[in-house]
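# Reading the structure
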Amino acid sequence: MTGSRRRKSLSLSVLGAVLIGGAPLAQASTAADCPTCFRELYKELVETNTTLSAGDCTLASERMAARLKQAGYSDSDVRVVVPEKFPKQGNLIGRVSGSDKSLPPVLLLAHIDTVEAKRSDWARDPFVLVEENGYLYARGAIDDKAMAASFVDAFIRLRKEGFRPKRTIKMALTCGEETDNFFNGVRYLLATEPEAMQAGWVVNEGGKGQLDEQGKPVSFGIQTGEKVYQDFTLVATSPGGHSARPTDDNAINRLGEALVRVGSYKFPINLTPVSKEFFRRSAELYSGQTRIDMAAIGAGKADDATYERVATNRLWNAFMRTTCISTTINGGHAKNAQPQRAESNINCRIMPGEKVTDVHRQLQDLIADPKITVTLADAPGPQSPAPELTSKVLQPVEKIAADLWPGVPVIPTISTGATDGRFLNAAGIPTYGISGVFVDPDGNGVHGLDERVRVRSLMDAREFLYRLVKAYGNAR
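Small disclaimer: the values here were computed from a predicted structure and weren't measured.

### Focus on the nonpolar core
Ranked by internal contacts, the top residues of the largest apolar core, which has 68 residues, are Tyr42, Phe220, Ile434 and Phe464. Residues in contact with Phe464, not counting those within four places in the same chain, are Phe220, Val397, Ile400, Ala401, Leu404, Trp405, Ile434 and Gly436. Counting residues in each nonpolar core, the second largest holds 22 residues, with Ala251, Leu255, Ala342 and Leu363 among its members.

What follows is the structure, given as C-alpha cells:
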C-alpha cells in the first residue's frame, strides 16, 4: 500500500463519525444500550491474539468473563472452563436463567479462536483493530469475534435492563473451531460440561447477509445443516525401473487417469429440503432463465437441463450435490527412474444425510484399478441430516430482519464448509447459522488477507442479535 493510505487506530470516542450513512438501522435507544461500550469490548476481544501458534483463548475468555461479572453476573452464572492439558484453550460458558423451567434453553455459540495471520502478508497489523474507509480490519473482525462480542454485549444489556426471559439463555464462547484436529472446545464441553451445552436449539455462525457491489443488502442467510468434510487418499504403485526402459505400468500415469475419472464425475443431484427452499426463495432475486430455473428447482419440477444450467454456478452446484476434487499429488522418487509410487488427496464435501461409506464406494468404482488403493485419510467426522427449520426458529428471524432491512428476503442455506454445528447436530441439538453480519461479494478476507467488516454491518448485526436473543428468550 502507498504511503498516502489513511490509517488510524480505532477511535472509541467518536462512534457516530464512523458509521456509514449515520446510525445503525433501527438502533434501540435504552439506558442499557451503550454502543461505545460494545466497541471497547469488541476491540479488546479482537486484539487478543487467539491463533493456535501464538494466541491464548483462555485470556480472551477471562477478559470477556470480567466484563460480564462487572455487569453483575455471578461466578455461578459465568465460568471459564480450561482443559487441564490445554491451558491456553479456555472456553467461556454463561447463562441467564429463565422463569419457565419447562422450556428448553437456547444456546448462543461462537468461537473465539482465529486462523493464523502473518504480519508480513497483511497491509496492516492483523492483531490491531484498524478503521479505514468505513471498515474495521483485523484477524477475527468477522470470524467469529463479531458474533462472540455481540453475544457478550447482549448479555450485558439484558443484565442492565433486569430482563428475565421465559426460557434460559445459555452462551458458550469456545476455542478450537479452526484447529479441531488439535483441540475443539465444543467437543470438550459436550463431554465434560454437557448441561452447559444442552439446548432446544443453537444460534451459531454460518448464516450471513449478502451485499451487492454498492454495499446494498441483497439477502439474509440462515444456515440449516452443513456438508460433511472427508479426505480420501489414493495410492498407485508399480514395479518401477530405469527411465530409459519404460514400461506400460507407470504409477503416475495410472493415478493421473484415475484422477481424471474422478474429476469428470458428477455426483447425483440430491436436494435437501433446505436446498429446495434456497432456490425457491432466491428465484425472486433474479430474472430471465435463471429465475425460471431456480423456481423450477424450488418447486421440485426441474429437469436435467435445468440442473445443468444452474450447476454452472459453483456455489449453487455445491448446494445440490456431493462434490469431490483432487487437491494434492505427490509421486516418483528420482528424475531418471520410473515411479514406484504416486499419491493424491481427494477432498469431498458430502451432502447432509449421505454416508461417507457410500462416497468411498463410489470413488472405488470410478477408479476401477486394483493397483490403486482408496482409503479414508482420517476417520469420518460427525454425520447427521440437516435439522428441520421450524417456525419457532425462523419466524423471529424474519420479523427482526424485516424491521432492520425492509424488503431483504431471508433465505435458508446449507454450509459447503464446516462449523462446530456439526458436533451439536450429531449430538441431537439442532444448530442454525444466524450471524446477522452482512458481507461484501468478495467475502471480506475471512480466512485470508486483510479480513474486514463494515462498521455499519457490525453494529447492525449487534442490534439484530440482541433483538433475536430477547425474542427467543420470550418465545414459547
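### Notes on the packing of aromatic side chains
Tallied over the full model, the rule gives 16 aromatic pairs. Each ring, one from Phe183 and one from Tyr188, has its centre 5.7 Å from the other, and the planes form 50°; the classification is tilted. For Tyr188, a relative accessible area of 25% corresponds to the partly exposed category. Here Arg157 stacks its cationic end above the ring of Tyr466, 3.6 Å away from the centre of that ring.

### So, the sheet that holds strand S13 (residues 323-331)
An order of S13-S15-S11-S16 is seen for the four strands of this open sheet, with the pairing classed as antiparallel. Where the open sheet ends on each side, the last strands, each with one partner, are S13 and strand S16 (372-376). Averaged over all neighbouring strand pairs, the angle between strand axes comes to 20°, with direction disregarded. Direction of pairing for strand S11 (residues 228-237) relative to S16: antiparallel, over a ladder of five bridges. By the bridge assignment for S16, Ala236 is matched with Ile372. Set on the sheet, helix H11 (residues 356-367) makes contact with S11, S13, strand S15 (341-350) and S16; between it and S16 the angle comes to about 170°.

### Quick look at helix H8 (residues 288-298)
For H8, the full list of buried residues reads Asp293, Met294, Ala296, Ile297 and Gly298. Contacts from the buried residues of H8 go to helix H7 (273-282), helix H9 (304-310) and helix H10 (314-320). A positive backbone phi angle near 75° is found at Gly300, which sits one or two residues after H8.

### Examining the environment of Ile346
With respect to the helices, strands and loops of the structure, Ile346 is situated in strand S15. For Ile346, a relative accessible area of 1% gives the class buried. Sequence separation between Ile346 and Pro406 is 60 residues, and the spatial gap between their C-alpha atoms is 43 Å. Apart from the residues within four sequence positions on either side, Ile346 is in contact with Gln230, Asp231, Phe232, Leu234, Leu259, Val262, Cys324, Ile325, Ser326 and Leu363.

Here is what the cut-offs are and how they apply
Residues numbered from 1 in each chain as written. Predicted model: local features only at pLDDT ≥ 70, side-chain atom pairs only at ≥ 80, totals over all residues. Heavy atoms only, no water. Core = buried A, V, L, I, M, F, W, Y, C linked by side-chain atoms within 4.5 Å. Buried < 20%, exposed > 50% of the residue type's maximum accessible area, 1.4 Å probe, protein only. Contact = heavy atoms within 4.5 Å. Phe/Tyr/Trp six-rings, centres within 6.5 Å; stacked < 30°, edge-to-face > 60°. Lys NZ or Arg CZ within 6 Å of the ring centre and 35° of its normal. Pairing = 2+ DSSP bridges. Helix = DSSP H or I, 4+ residues; strand = E, 2+ residues; numbered from the N terminus. Axes fitted to C-alpha atoms, helices over the stretch in contact; angles between N-to-C directions.

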